[in-house]
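Coordinates in review
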Amino acid sequence: EAQVTQNPRYLITVTGKKLTVTCSQNMNHEYMSWYRQDPGLGLRQIYYSMNVEVTDKGDVPEGYKVSRKEKRNFPLILESPSPNQTSLYFCASSFRLAGWAEQFFGPGTRLTVL
Amino acid sequence: GENVEQHPSTLSVQEGDSAVIKCTYSDSASNYFPWYKQELGKRPQLIIDIRSNVGEKKDQRIAVTLNKTAKHFSLHITETQPEDSAVYFCAAPPNTGNQFYFGTGTSLTVIP
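Just so it is clear, the structure is predicted and the values come from calculations on it, not from any experiment.

**Thoughts on the sheet that holds strand β3 (residues 19-25) of chain A**
All names here are of chain A.
- Strand order in the open sheet formed by four strands is β1-β3-β8-β7, and the pairing between neighbours is antiparallel. The open sheet terminates on both sides in strands that have one partner only, identified here as β1 (4-7) and β7 (65-66).
- Note: β7 against strand β8 (residues 76-78), two bridges, orientation antiparallel. From the neighbouring strand, V66 faces β8, where its bridge partner is L76.

This is how it looks when you write it as structure tokens:
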């Protein structure tokens, strides 16, 4: 089944404790992206990747890191989480050959930083 | 970067009525305009999209219209049903660059 998976789905942590949220897709998509969703602010892009070893900042990259060592995986790293990073996070991927294409979202990760 | 504004932020309609959600964008070179639906507790999913070479696209009860001159596009849902209740997001990625910009969302409630 074609899908985007994220783990964990729920996470409660404390300020400053490094964490990683994994994202994997099995559709051979080139474009992968991380978003955070907050009430009233919609979906805001954190980082995106056009292909292996190619990543770039989105609208709200502060406090986050990403890597793209393999085409299927795009982990989101919070080196020192803070309470303002409490949010719902979505990973997404799309097969962008020319122009834009449908983005397929993962199930989401609800993160709480105490 | 692109600025996408979406209105209204909340919308309540009676079952069977129509609902319209409007988005405006700033980058005149944008040429792809998707709409995503997010049901409660679920992930966003694409429901319809339109490219700048057409002015309207329909898929059963949903349609999207595009006015490139005015830089706005709208989602129209006719004969609304309770299962249409969800948050709807528009997007207008710029023609250059690789960032993706969503609107702030519209929470639609269809009252039975």
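**Some words on the interface of chain B and chain A**
- Listed per partner, the contact involves 19 residues of chain B and 23 residues of chain A.
- A combined buried area of about 1,800 Å² lies between chain B and chain A, and 52% of that area is made up of carbon and sulfur atoms.
- Counting the contacts that link chain B with chain A gives zero salt bridges.
- When residues of the side of chain B that touches chain A are traced back to their parent elements, those giving at least two are β4 (32-38) and β5 (45-51) of chain B.
- It is β4(B) that contributes the most residues to the side of chain B that touches chain A, three residues altogether.
- Grouping the constituent residues of the side of chain B that touches chain A by class yields ten nonpolar, six polar and three charged.

**Some thoughts on the state of the cysteines**
Residue and element names in this part refer to chain B.
- As enumerated under the stated definition, the model contains two disulfides over all chains in all.
- Across the disulfide from C23 sits C90; the S-S distance is 1.9 Å. Its S-S torsion of approximately -95 degrees makes the covalent link between C23 and C90 left-handed. A residue pair is termed long-range when its members are at least 10 positions apart, and C23 in strand β3 (residues 19-25) and C90 in strand β9 (residues 86-90) qualify at 67 residues.
- Residue classification places C90 among the buried residues on the basis of a relative accessible area of 0%.

**Some words on the nonpolar core**
- Judged by nonpolar contacts, the single largest core of 24 residues is most densely connected at B:F33, B:W35, B:F73, B:L75, B:I77, B:Y88 and B:L108.
- At the level of secondary structure, the elements contributing two or more residues to this core comprise β2 (10-14), β3, β4, β5, β7 (62-67), β8 (72-77), β9 and β10 (106-111) of chain B.
- The element contributing the most residues to this core is β3(B), with four residues.
- The contacts of B:I77, once residues within four sequence positions are left out, are B:D17, B:S18, B:A19, B:R61, B:I62, B:D84, B:Y88 and B:L108.
- Grouped together as the second largest cluster of nonpolar side chains are 19 residues, A:V60, A:F74, A:L111 and A:V113 included.

Scoring rules and cut-offs
- Residues numbered from 1 in each chain as written.
- Chains lettered and ligands numbered in written order.
- Predicted model: local features only at pLDDT ≥ 70, side-chain atom pairs only at ≥ 80, totals over all residues.
- Heavy atoms only, no water.
- Pairing = 2+ DSSP bridges.
- Helix = DSSP H or I, 4+ residues; strand = E, 2+ residues; numbered from the N terminus.
- Contact = heavy atoms within 4.5 Å.
- Buried area = accessible area lost by both parts, 1.4 Å probe.
- Salt bridge = Lys/Arg side-chain N within 4 Å of Asp/Glu carboxyl O.
- Nonpolar A, V, L, I, M, F, W, Y, C, P; charged D, E, K, R; others polar.
- Disulfide = S-S within 2.5 Å.
- Buried < 20%, exposed > 50% of the residue type's maximum accessible area, 1.4 Å probe, protein only.
- Core = buried A, V, L, I, M, F, W, Y, C linked by side-chain atoms within 4.5 Å.

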